[in-house]
Amino acid sequence: MTATVGVVVFPGTNCDHDTLVALERAGARAEPLWHGTPSVGHVDAVLLPGGFAHGDYLRPGAIARFSPVMAAVADFAAAGGPVVGICNGFQVLTEAGLLPGALQKNRSLRFVCQPADVRVASDRSVLTAGVEVGRVLRIPVAHFVGNYICDERTLAELHAEGRVVLRYAENPNGSIDDIAGICNAAGNVVGLMPHPERASDPLLGSTDGLVLLRALVDAVGGAAGVPSGPFDVVNDRARTA
Amino acid sequence: MPDVGRYEVLVEVRLRPGIADPQGATVERALPALGFDAVHRVRVGKAIRFEVDAADERAARSVTADLAGRLLSNPVIEDTEVLVCRPVDGATVASGAVAGAHDVHTEAGSGGRP
């Protein structure tokens with residue numbers, strides 16, 4: 001059974017194609033989900049990719065959370081379906097209340113775009129299940145609003161329940177406790193600022209992002225036996241790389 | 001058919017106390033060089049202006065509070081304050097999409113984030 005992952009496309013999303021390719025490489029079938037359609041269809045997992053949904057107007061994610069697809073995403077998450085938000089997708093998940101806390105402007109007030117070493121801090125999430133805790137992955141960050149913040153009680157809960165999923169080796173944005181990614185109590189909703197899809201090919205300098213995407217694919221049904229969809233050529237290149 | 005009016009609204013969205021504000025800090029650091037030695041505690045927020053059709057000012061404020069909590073601010077890090085809510089001079093509108101009559105827009109918090 002090949003896992004099918006839906007990648008939500010908002011107006012202003014710009015990492016959707018990269019993410020579709022990376023997911024196919026990780027063994028999934030991947031398909032876009034238009035934000036204006038109030039359904040997630042038949043997918044096994046939902047991924048909210050990076051970009052600038054609705055122009056990031058007002059606040060990143062503030063308007064995207066009211067897109068018709070988001071009610072379906074919330075229902076899907078409540079039923080235990082895996083939902084992963086990358087960068088802008090993480091911002092959308094916090095705005096939607098599917099993850100606690102908020103993302104603020106970077107402490108430096110600069111856009112950071114650089115490789116980041118992140119340490120797997122928990123294997124309790126669908127994105128890190130089966131990945132060794134303590135493993136360091138090199139995955140790029142690219143954001144202006146990635147400085148995670150939450151109140152002290154939430155922070156204590158996140159730590160106590162193993163819900164801090166990824167932590168920066170060197171904090172690029174001022175995020176509290178070097179947090180790069182968190183999950184909900186059940187572990188099926190995950191948000192992270194680093195971009196795994198940008199670390200999915202040797203040409204990109206790292207394939208560490210595939211470690212996370214494969215964990216997601218494995219968690220929801222396993223990898224494809226044969227390449228499928230429009231990204232076969234890319235998949236084949238990845239396999240021989 | 002009740003008379004309805006149009007209300008001019010101005011909402012301030014600001015970071016909650018204790019939330020770091022690097023923009024405010026940066027502005028404040030620049031002030032002494034400009035000679036503004038007496039200015040302190042700079043915080044940068046947003047001001048959002050709009051108009052609401054409502055039965056009365058109370059209804060207009062109710063809609064505004066709902067909108068401010070659910071969309072204009074993120075309550076995890078921001079507070080809001082309604083700075084202005086007053087009738088637009090001479091404006092009246094037909095009934096229809098008017099707030100207040102049935103309180104349909106005033107379920108503040110029920111549909112918002114947890």
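Residues numbered from 1 in each chain as written. Chains lettered and ligands numbered in written order. Predicted model: local features only at pLDDT ≥ 70, side-chain atom pairs only at ≥ 80, totals over all residues. Heavy atoms only, no water.

K.L.:
Help me understand the overall build of chain B in this model?
P.N.:
A count of helical and extended segments in chain B gives two helices and three strands. Ordered by position in the sequence, the α and β elements of chain B form the string β-α-β-α-β. Residues classed as buried in chain B amount to 31% of the 114 residues present. Taking the contacts inside chain B whose residues are at least 6 apart along the sequence as the reference set, 80% of them involve residues at least 24 apart. For chain B, the computed accessible surface area is about 7,000 Å², with 53% contributed by carbon and sulfur atoms. (Helix = DSSP H or I, 4+ residues; strand = E, 2+ residues; numbered from the N terminus. Buried < 20%, exposed > 50% of the residue type's maximum accessible area, 1.4 Å probe, protein only. Contact = heavy atoms within 4.5 Å. Areas by Shrake-Rupley, 256 points an atom, 1.4 Å probe, with all protein chains shown as cover.)

K.L.:
Looking at this structure, how should I read the interface of chain B and chain A?
P.N.:
By a widely used convention, the size of an interface equals the accessible area lost when the partners come together. Between chain B and chain A, the contact holds 20 residues from the first and 16 residues from the second. Interface of chain B and chain A: buried area, both sides summed, is about 1,400 Å²; carbon and sulfur atoms make up 59% of it. Between the two partners, chain B and chain A, sit one salt bridge. One salt bridge in this structure joins glutamate 78 of chain B and arginine 59 of chain A, with 3.9 Å as the shortest N-O distance. Among the elements of the structure, helix H1 (22-30), strand S2 (46-54) and helix H2 (57-72) of chain B are those that each provide at least two residues to the side of chain B that touches chain A. Along the lines of polarity and charge, the residues of the side of chain B that touches chain A split into ten nonpolar, six polar and four charged. (Buried area = accessible area lost by both parts, 1.4 Å probe. Salt bridge = Lys/Arg side-chain N within 4 Å of Asp/Glu carboxyl O. Nonpolar A, V, L, I, M, F, W, Y, C, P; charged D, E, K, R; others polar.)

K.L.:
What's the story with the sheet that holds strand S6 (residues 112-120) of chain A in this structure? I'm lost.
P.N.:
Hydrogen bonds between backbone groups are what pair the strands of a sheet, and the pairing can be parallel or antiparallel. All names here are of chain A. Pairing is mixed across the open sheet formed by nine strands, whose spatial order is S2-S1-S3-S4-S11-S10-S9-S6-S7. Here the strands that pair on one side only, and so sit at the sheet edges, are strand S2 (29-34) and strand S7 (136-143). Each strand axis lies, on average, 25 degrees off the axis of its neighbour in the sheet, ignoring direction. By the bridge criterion, eight bridges tie S6 to S7 in an arrangement that is antiparallel. Note that in S7 the partner of aspartate 117 across the bridge is arginine 138. Of the strands in this sheet, strand S3 (45-48), strand S4 (83-86), S7, strand S9 (164-168) and strand S11 (189-192) touch helix H5 (residues 209-219), which is tilted by about 95 degrees from S7. (Pairing = 2+ DSSP bridges. Axes fitted to C-alpha atoms, helices over the stretch in contact; angles between N-to-C directions.)

K.L.:
How should the confidence of the model for chain A be read in this particular structure?
P.N.:
Low-pLDDT stretches of the model should not have their predicted coordinates read in fine detail. Mean pLDDT over chain A stands at 92; residues scoring 70 or higher make up 92%. Predicted confidence is poor over residues 225-241 of chain A, with pLDDT under 50, and the contacts of this stretch with residues over four places away or in other chains come to 19 contacts. (pLDDT = per-residue confidence, 0-100.)

K.L.:
Would you mind going over the environment of threonine 207 of chain A with me for this structure?
P.N.:
All names here are of chain A. Relative to the helices and strands, threonine 207 resides in the loop between S11 and H5. Between the alpha carbons of threonine 207 and leucine 137 there is a distance of 8.9 Å; along the sequence they are 70 residues apart. With residues up to four places along the chain from it excluded, the contact list for threonine 207 reads Ala199, Ser200, Asp201 and Pro202.

K.L.:
Is there a simple way to explain the pairing of strand S10 (residues 179-183) of chain A in this structure?
P.N.:
Side-chain positions along a regular strand alternate between the two faces of the sheet. Residue and element names in this part refer to chain A. With respect to burial, S10 is a largely interior element, five of its five residues being buried. Note: S9 against S10, three bridges, orientation antiparallel. Paired with valine 164 across the strands is isoleucine 182, a residue of S10. Turn length for the S10-S11 hairpin, with the two strands adjacent in sequence and antiparallel, is five residues, and the turn residue glycine 187 shows positive phi of about 85 degrees.

K.L.:
I keep staring at the side chain of asparagine 184 of chain A and nothing clicks. Help me out?
P.N.:
All names here are of chain A. Relative to the helices and strands, asparagine 184 is located in the loop between S10 and S11. With a relative accessible area of 14%, asparagine 184 lands in the buried category. Only 2.9 Å separates the side chain of asparagine 184 from the side chain of asparagine 188, close enough to count as a polar contact. What asparagine 184 contacts, discounting residues up to four positions off in sequence, is Leu98, Leu99, Arg163 and Val189. (Polar contact = N/O pair within 3.5 Å; in protein donor to acceptor, adjacent residues only side chain to side chain.)

K.L.:
Is there a simple way to explain the pattern of salt bridges in this structure?
P.N.:
Two side chains bearing opposite charge may form a pair once their charged atoms approach each other closely. Residues and elements named next belong to chain B. Within this structure, the stated rule accounts for 14 salt bridges over all chains. A salt bridge links arginine 86 to glutamate 8; the shortest N-O distance between them is 3.2 Å. Placement of the pair is arginine 86 in strand S3 (residues 78-92) and glutamate 8 in strand S1 (residues 5-15), with a sequence separation of 78 residues. The class of arginine 86 is partly exposed, set by a relative accessible area of 44%. In this structure, glutamate 81 engages arginine 14 in a salt bridge whose closest nitrogen and oxygen atoms are separated by 2.9 Å. Within this pair, whereas glutamate 81 is found in strand S3, its partner arginine 14 is found in strand S1, the two being separated by 67 residues in sequence.

K.L.:
So what exactly am I meant to see when it comes to the packing of aromatic side chains here?
P.N.:
Two descriptors summarise a pair of aromatic rings, namely the distance from one centre to the other and the angle between the planes of the rings. Residue and element names in this part refer to chain A. A complete count under the given rule lists one aromatic pair over all chains for this structure. The interplanar angle of 15 degrees and the centroid separation of 6.0 Å between the aromatic rings of phenylalanine 90 and tyrosine 148 together place this pair among those described as stacked. Remark: tyrosine 148 occurs in strand S8 (residues 147-149) and phenylalanine 90 occurs in helix H3 (residues 88-95); sequence separation between them is 58 residues. Residue phenylalanine 90 is classed as buried on the basis of its relative accessible area, which comes to 1%. Classification of tyrosine 148 as buried rests on a relative accessible area of 1%. Taking the ring centre of phenylalanine 66 as reference, the NZ or CZ of arginine 65 above it sits at 4.5 Å. (Phe/Tyr/Trp six-rings, centres within 6.5 Å; stacked < 30°, edge-to-face > 60°. Lys NZ or Arg CZ within 6 Å of the ring centre and 35° of its normal.)

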